[in-house]
Amino acid sequence: MTDAPLSNDTHLRKKAGYHHGDLRNAIMEAVANLIAKNRSLDFQLKDVAEMVGTSTPAIYRHFESKQSLLVETAIAGYEIQKQYRSAALERSDPLPLARLLAVGHAYIRYARAHPGHYMLIKSMETEEILSSRRYQQLRRETVRLMRSLAQECLDTGVFVARDIDLILASLQMIAFGVAHLFTADQLRYVAPSLVNDEDLVTNLLRLNIASLLSAKGKRQVDVASRDPFKDFPE
């Protein structure tokens, strides 16, 4: 599995500043590709250099160590995720539930398009990554947004009365589980008939969020769960 964007996500990648004319960013892309390929952080800088077509000393001119390179790659991964989230929110219906589910779509779309970055920030965080102020800031922004949208859904009667932390944990479980189906290449084993289903993510989000919804929320869910990336422009 490579860290390549979905076919119509190229503009998001450009917006995030990733292109091979920039050696520093190309090095971080190579790291993400190696993580996606190996499903671990078990690689050496010489492997990165070989992928980029440069030398190990050239990498050290941009990054002090492998750990500093991982930190910067994780930060870049969060920045890319933020671009997907912003794009989804720009195209979503204004309903609070629609905006919340748009973030879910963005999370899953990002995981599919950038599996290496996704794996790094969701399951391979090192102590150095977790201690980065910029990384912490980006993670807090994401949590604050999700909490705000979930609270808005509660306040408008879309969710049944539940603890906000329980709602957030449930939403994370849903998004993480769907993303894992794709990043772990599990779908072709557990549900092969759905591999090419363009509406699969929408249907999974709609089905799994149902237990959180009030009668009002259930009336909104068909509109709110629409994929904001469908027919996304090049």
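Not measured: the values here are computed from a predicted model.

Considering the arrangement of structural elements, one finds Leu207 in helix α12 (residues 200-209). Taking the relative accessible area as the measure of exposure, Leu207 reaches 63% and is therefore exposed.

This prediction gives the protein chain a mean pLDDT of 91; 90% of its residues lie at or above 70. Every residue in residues 16-20 scores below 50 in pLDDT, and together they form 15 contacts with partners more than four places removed in sequence or on other chains.

Our focus in this paragraph is the side chain of Glu141. Summarising the element assignment, Glu141 is placed in helix α9 (residues 133-155). With relative accessibility at 18%, the residue Glu141 sits in the buried group. Setting aside residues up to four positions removed in sequence, Glu141 forms contacts with Lys82 and Arg134.

With that settled, the discussion passes to helix α10 (residues 164-183). Each α-helix winds once per 3.6 residues, and so residues spaced three or four apart point in a common direction. Taking 1.5 Å of rise per residue, the 20 residues of α10 would be expected to cover 28 Å, and the 28 Å separating its terminal C-alpha atoms lies within 8% of that figure. Those residues of α10 that fall on the buried side of the exposure criterion are Ile164, Ile167, Leu168, Ser170, Leu171, Ile174, Ala175, Val178, Ala179, Phe182 and Thr183. On its buried side, α10 packs onto α6 (96-113), α7 (115-123), α9, α11 (187-190) and α12. Residue Asp163 occupies the N-cap position of α10, its side-chain oxygen lying 2.9 Å from the main-chain nitrogen of Asp165. Of the residues flanking the end of α10, it is Asp185, one or two places downstream, whose phi is positive at about 55 degrees.

Take the packing of α9 against α10 next. Here α9 crosses α10 at 115 degrees, and the two axes come no closer than 10 Å. In the crossing of α9 with α10, the sense of the turn from one axis to the other is right-handed. Contacts from Met146, Arg147, Ala150, Gln151 and Leu154 in α9 reach Ile164, Asp165, Ile167, Leu168 and Leu171 in α10. Residue composition of the contact of α9 with α10, by class: 7 nonpolar, 1 polar and 2 charged.

Under the criterion given, the structure shown has 6 aromatic pairs. Ring geometry for Tyr78 against Tyr135: centres 5.1 Å apart, planes inclined by 70 degrees, an arrangement best described as edge-to-face. Within this pair, whereas Tyr78 is found in helix α5 (residues 66-91), its partner Tyr135 is found in helix α9, the two being separated by 57 residues in sequence. Residue classification places Tyr78 among the buried residues on the basis of a relative accessible area of 4%. The class of Tyr135 is buried, set by a relative accessible area of 1%. Cluster of aromatic residues (ring-pair linked, three or more members): Tyr84, Tyr107, Tyr110, Tyr118, Phe176 and Phe229. The ring of Phe43 carries Lys66 above its face, with NZ or CZ at 4.3 Å from the centroid. Sitting over the ring of Phe182, Arg112 keeps its end group 4.2 Å from the ring centre.

Before going further, it helps to spend a moment on the side chain of Ser132. Relative to the helices and strands, Ser132 is located in the loop between α8 (127-130) and α9. Once residues lying within four places of it in the same chain are set aside, the contact partners of Ser132 are Val71 and Ile75.

Another point: the pattern of salt bridges. A full pass over the atoms with the stated rule returns 8 salt bridges. Between Asp199 and Lys230 there is a salt bridge whose closest N-O contact spans 2.5 Å. Taken together, the positions of Asp199 in the loop between α11 and α12 and Lys230 in the segment after α13 (215-224) put the pair 31 residues apart, joining distant regions of the chain. Residue class for Asp199 comes out partly exposed when judged on its relative accessible area of 32%. On the accessibility criterion, Lys230 (36% relative accessible area) is partly exposed.

What counts and what doesn't
- Residues numbered from 1 in each chain as written.
- Predicted model: local features only at pLDDT ≥ 70, side-chain atom pairs only at ≥ 80, totals over all residues.
- Heavy atoms only, no water.
- Helix = DSSP H or I, 4+ residues; strand = E, 2+ residues; numbered from the N terminus.
- Buried < 20%, exposed > 50% of the residue type's maximum accessible area, 1.4 Å probe, protein only.
- pLDDT = per-residue confidence, 0-100.
- Contact = heavy atoms within 4.5 Å.
- Expected span 1.5 Å × (residues − 1).
- Polar contact = N/O pair within 3.5 Å; in protein donor to acceptor, adjacent residues only side chain to side chain.
- Axes fitted to C-alpha atoms, helices over the stretch in contact; angles between N-to-C directions.
- Left-handed = near helix turned anticlockwise from the far one by under 90°.
- Nonpolar A, V, L, I, M, F, W, Y, C, P; charged D, E, K, R; others polar.
- Phe/Tyr/Trp six-rings, centres within 6.5 Å; stacked < 30°, edge-to-face > 60°.
- Lys NZ or Arg CZ within 6 Å of the ring centre and 35° of its normal.
- Salt bridge = Lys/Arg side-chain N within 4 Å of Asp/Glu carboxyl O.

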